[in-house]
Amino acid sequence: MRADYIPLIVGLLVFISSLISLKIGLSVAIIEIVLGVIAGNIGMMPEDWMLYLAGFGGIVLTFLAGAEIDTKLMKERLKESLLIGIPSFLTPFIAAFLYTYYIAGWGISASLIAGITLSETSIAVVYSVLVETNLLRTKTGKLILAATFVTNTGTALLLSILFIKPTIYTILFITISIVVIILATQFSHYVFDNPRLKNKVIEPEIKYIFLLLLVFIYFANLGDGHAILPAFVLGLLMSRHFTETSETKVVKNRLRTVAFAIITPVFFIVVGMKVSLSLILSASGIFIILLIIKQTAKFLGIYFFAKKYIPHGKVYTSLLLSTGLTFGLIAAIFGLHSGFIDQVQYSVLTGVLIASSIIPTFIAQKWFMPVHTEDVVE
């Protein structure tokens with residue numbers, strides 16, 4: 001019987017990523033992606049269990065991101081969230097579409113996929129960075145996360161409106177998602193406030209959350225949809241459950257610990273492993289141009305409003321919201337599987353997403369970290 005060395009290598013990459021992150025002060029998510037790219041391009045392929053765990057990791061991160069949003073603050077600053085989030089989505093979508101269609105010569109469907117792919121802001125990267133830098137404890141961090149939600153809602157809606165052909169299973173997925181969200185929002189206190197379930201080593205509260213997310217994943221796959229948007233909305237609407245008592249805050253922290261220990265690192269490593277450097281090099285010109293277009297359009301679309309509403313963190317906000325990954329990957333994979341883009345176009349778009357998750361985050365953390373002690377809210 002041949003021993004499987006892949007789990008051992010993945011465990012080593014996860015641990016090394018943490019050490020490098022602590023040493024150089026960069027988000028561990030960036031390090032995990034980079035090591036994933038290296039591993040993938042020297043012949044290491046993700047196994048089936050890694051692909052499923054990575055998909056689940058992306059959903060867990062999205063749920064956690066929603067749960068961290070201060071709904072009261074979002075209501076109070078809805079105008080700011082919309083004015084930062086909408087241009088963050090629209091400007092790169094328009095710029096990427098115009099370039100790929102009129103200059104690069106891509107077809108209309110491929111160009112729309114390119115615009116949608118490059119329009120999003122990575123919930124996974126933004127959330128991970130805000131957690132690691134303690135910015136989630138501030139009004140600035142919570143506003144950034146709220147704007148990310150607005151951006152990705154636009155990306156998801158546009159992909160659905162332009163390309164998704166609803167079937168009976170799609171309707172079933174939407175219906176089940178709505179029912180689960182309503183029931184969980186109304187009745188989850190029976191789990192979180194039950195004295196028989198609190199502070200148990202078997203972690204029934206975390207298993208309950210995982211079950212809800214697995215329901216989304218199952219019906220999303222059945223209906224050719226994706227569980228990210230309902231997972232984010234569920235986290236957003238359940239956020240009050242995690243702030244009511246010290247015990248529920250502990251549950252959220254334990255869930256975060258479980259996620260960041262192994263589930264989300266596999267997500268970032270697998271994302272990196274899917275990048276083909278040889279295919280990107282074969283189309284290096286368009287790769288560089290699309291990367292510049294995405295970063296420039298994103299930054300300029302965000303900066304004006306960030307300067308007005310987050311003056312002490314305007315550059316940091318503009319850079320962090322210029323990252324791309326989660327929803328963009330979903331759009332690119334959908335385009336590839338549906339035949340709207342070919343393998344080279346997919347690799348170029350994925351490569352741009354990976355680069356956009358690393359470069360602006362590196363610059364933001366290294367040189368533009370805001371001073372955030374004055375607006376801590378928890």
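Within each chain, residue numbers correspond to sequence positions counted from 1 in written order. Local features are withheld for residues below a pLDDT of 70 in this predicted model, meaning they are given only at 70 or higher, and side-chain atom pairs are given and counted only at 80 or more; totals for whole chains, interfaces and linings count all residues. Only heavy atoms go into the side-chain values, all of them from the structure, while hydrogens and water stay out.

Draft legend 1. Spatial organisation of the overall build of the chain. When you go through the chain residue by residue, the secondary structure sums to 18 helices and 0 strands. We compute the radius of gyration over the C-alpha atoms and compare it with the globule rule, which gives 2.2 Å times the number of residues raised to the power 0.38. In terms of overall size, the chain behaves like a compact globule, its C-alpha atoms giving a radius of gyration of 20 Å where 378 residues would be expected to give roughly 21 Å. Expressed as lengths along the three principal axes of its C-alpha atoms, the size of the chain is roughly 65 × 60 × 50 Å. Three exposure classes are used, based on accessible area relative to the maximum for each residue type with a 1.4 Å probe and protein chains only: buried under 20%, partly exposed in between, and exposed over 50%. In the chain, which comprises 378 residues, the share counted as buried stands at 57%. For the chain, contacts bridging at least 24 residues in sequence account for 82% of all contacts bridging at least 6. Working definition of accessibility: Shrake-Rupley area with a 1.4 Å probe, residue cover restricted to the visible protein chains. Carbon and sulfur atoms make up 69% of the accessible area of the chain, which amounts to about 16500 Å² in all. Here a strand is any run of E in DSSP of at least two residues, a helix any run of H or I of at least four, and the numbering for each starts at the N terminus. Only heavy atoms matter for contacts: two residues are in contact if any of them lie within 4.5 Å across the pair.

Draft legend 2. Focus on a nonpolar patch on the surface. Any residue with relative accessible area above 30% and no salt bridge may belong to a patch, with like charges joined within 9 Å and the nonpolar Val, Leu, Ile, Met, Phe, Trp and Tyr side chains within 5 Å. A pairing counts as a salt bridge when a side-chain nitrogen of Lys or Arg comes within 4 Å of a carboxyl oxygen of Asp or Glu. Taken together, the side chains of L78, L82, I86, L90, I94, L98, Y101, Y102, I103 and I108 present a nonpolar region at the surface, about 920 Å² in accessible area. Among the elements that take part in the nonpolar patch, helix α5 (residues 78-103) stands out by supplying 9 residues, more than any other. By the secondary structure assignment, Y101 is in helix α5.

Draft legend 3. Structural context of the environment of I217. Counting through the fold element by element, I217 comes out in helix α11 (residues 204-222). Through-space distance from the C-alpha of I217 to that of I24 is 36 Å; in sequence the pair is 193 residues apart. Excluding its chain neighbours within four sequence positions, the residues that come into contact with I217 are Y52, F56, I59 and A227.

Draft legend 4. Summary view of helix α9 (residues 168-187). Any helix carries an expected span of 1.5 Å times its number of residues minus one. For α9, with 20 residues, the first-to-last C-alpha span of 28 Å sits near the 28 Å given by 1.5 Å per residue. Along α9, the positions that sit buried rather than exposed are T170, F173, S177, V180, I181, A184 and T185. Taken down its axis, α9 places every buried residue within 120° of arc, on the same side. Relevant arc is that of directions from the helix axis to the C-beta atoms, nothing else.

Draft legend 5. Local environment of the environment of F163. Residue placement: F163 occurs in the loop between α8 (139-162) and α9. Using a relative accessible area of 10% as the deciding quantity, one classes F163 as buried. Each C-alpha atom of the pair F163 and L325 lies 20 Å from the other, and the pair is 162 residues apart in sequence. For F163, the contacting residues outside a window of four places in its chain are S109, L112, I113, I116, F334 and F340.

Draft legend 6. Just the pattern of salt bridges, in detail. Counted under the stated rule, the structure contains 1 salt bridge. Note that E205 is salt-bridged to R254, the shortest N-O span being 3.7 Å. With E205 in helix α11 and R254 in helix α13 (residues 246-273), this residue pair connects regions lying 49 residues apart in the sequence. Summarising the burial analysis for this pair, E205 and R254 share the class buried.

Draft legend 7. Highlighting the environment of A65. Checked against the element boundaries, A65 lands in helix α3 (residues 48-68). Given the relative accessible area of 0%, A65 is considered buried. Between the C-alpha atoms of A65 and K142, which are 77 residues apart in sequence, the distance is 9.8 Å. Those residues in contact with A65 that lie beyond four places of it in its chain are I123, Y127, L145 and F232.

Draft legend 8. Seen up close, the nonpolar core. Each nonpolar core is a collection of buried residues, namely Ala, Val, Leu, Ile, Met, Phe, Trp, Tyr and Cys, held together in the definition by side-chain atoms within 4.5 Å. Counting residues in hydrophobic clusters, the biggest one holds 128 residues, and the most contacted among them are L213, L234, M238, F268, L290 and L325. Look past the residues within four positions of L290 in its chain and what remains in contact with it is Y99, T100, W106, L118, V348, L349 and V352.

Draft legend 9. Region of the structure containing helix α17 (residues 326-337). Taking 1.5 Å per residue as the helical rise, α17 with its 12 residues ought to reach 16 Å, and the 17 Å between its terminal C-alpha atoms agrees with that figure. Summarising burial for α17: 9 of the 12 residues are buried, a large majority. Two residues or fewer after α17 comes G339, characterised by a positive phi angle close to 85°.

Draft legend 10. Examining the side chain of S357 more closely. Counting through the fold element by element, S357 comes out in helix α18 (residues 343-367). Of the residues examined, S357 reaches a relative accessible area of 1% and is grouped as buried. A 3.5 Å cut-off defines polar contacts: any pair of N or O atoms within that distance qualifies, except that in protein one atom must be a possible hydrogen donor and the other a possible acceptor, and neighbouring residues in sequence count only when both atoms are side-chain atoms. A polar contact of 2.6 Å, which involves the side chain of S357, links it to the backbone oxygen of I354. Once residues within four sequence positions are removed from consideration, S357 is found in contact with I30, I33, V125, T323, G324 and L325.

Draft legend 11. Just the packing of helix α6 (residues 108-117) against α17, in detail. The geometry of α6 relative to α17 is characterised by a closest axis approach of 8 Å and an angle of 165° between their N-to-C directions. It follows from the interaxial angle that α6 and α17 lie roughly antiparallel. Relative to α17, α6 is oriented so that their crossing is left-handed. Two secondary-structure elements touch here, α6 through I113, I116 and T117 and α17 through G328, A331, A332, F334 and G335. Structural elements are reduced to axes, namely lines fitted to C-alpha atoms, with helices fitted over the stretch in contact, and the angle between N-to-C directions of any two is expressed from 0 to 180 degrees. Roughly parallel means an angle under 35 degrees; roughly antiparallel means over 145; roughly perpendicular covers 65 to 115; every other angle is labelled oblique. Take the far helix as the reference: if the near one is turned anticlockwise from it by less than a right angle, the crossing is left-handed, and if turned clockwise, right-handed.

By themselves these figures say nothing about function.
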